[in-house]
Amino acid sequence: MPADPDRITSVLDPALRRPFALIVGIGAALAFTLFGLAKVEAFVDGRIELKLASQREKLETQEQRLARMETQIELIRDSLSDIKADLRVIREKMEKP
């Protein structure tokens, strides 16, 4: 037997029917609002996570690039040290009669 929709409000005093309906309506509106806010928050969190992941990847790439550059700098320093040593030897040979 289907429930009569007026049965719930018919139990209430006629003076309380309107406030009861108002409270139920406000509750439903709040529930939908909170649900909507939760969805928006999840969407924003997802976007932030994507941006953070992208920034992490960029940072890792830059760190790898920096490490390669540091290696190249060390190789250049070593080469310069070798060149300085070679120049010293050449200078010493030129100074000897």
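For the structure, check the block above.
Our subject in this report is the structure included herewith.

So, how was this worked out
- Residues numbered from 1 in each chain as written.
- Predicted model: local features only at pLDDT ≥ 70, side-chain atom pairs only at ≥ 80, totals over all residues.
- Heavy atoms only, no water.
- Helix = DSSP H or I, 4+ residues; strand = E, 2+ residues; numbered from the N terminus.
- Buried < 20%, exposed > 50% of the residue type's maximum accessible area, 1.4 Å probe, protein only.
- Patch = residues over 30% accessible without salt bridge, like charges linked within 9 Å, V, L, I, M, F, W, Y side chains within 5 Å.
- Areas by Shrake-Rupley, 256 points an atom, 1.4 Å probe, with all protein chains shown as cover.
- Salt bridge = Lys/Arg side-chain N within 4 Å of Asp/Glu carboxyl O.
- Polar contact = N/O pair within 3.5 Å; in protein donor to acceptor, adjacent residues only side chain to side chain.

1. Brief notes about the overall build of the protein
Next, step 1: Across its full length, the protein carries two helices and zero strands.
Next, step 2: Every one of the 97 residues in the protein was classed for burial, and the buried ones make up 0%.

2. Observations concerning a nonpolar patch on the surface
Next, step 1: On the surface, Ile-76, Leu-80, Ile-83, Leu-87, Ile-90 and Met-94 cluster together into a nonpolar patch covering about 610 Å² of accessible area.
Next, step 2: Structurally, the position occupied by Met-94 is in helix 2 (residues 14-95).

3. Thoughts on the pattern of salt bridges
Next, step 1: On inspection of all chains with the given rule, the structure shows one salt bridge.
Next, step 2: With its nearest N and O atoms 3.1 Å apart, the salt bridge here joins Arg-77 to Glu-74. Residue Arg-77 and its partner Glu-74 are both found in helix 2; the two are separated by three residues, about one turn of the helix.

4. So, the environment of Thr-71
Next, step 1: Following the sequence through the fold, Thr-71 ends up in helix 2.
Next, step 2: In this structure the side chain of Thr-71 is engaged in a polar contact, spanning 3.0 Å, whose partner is the backbone oxygen of Ala-67.

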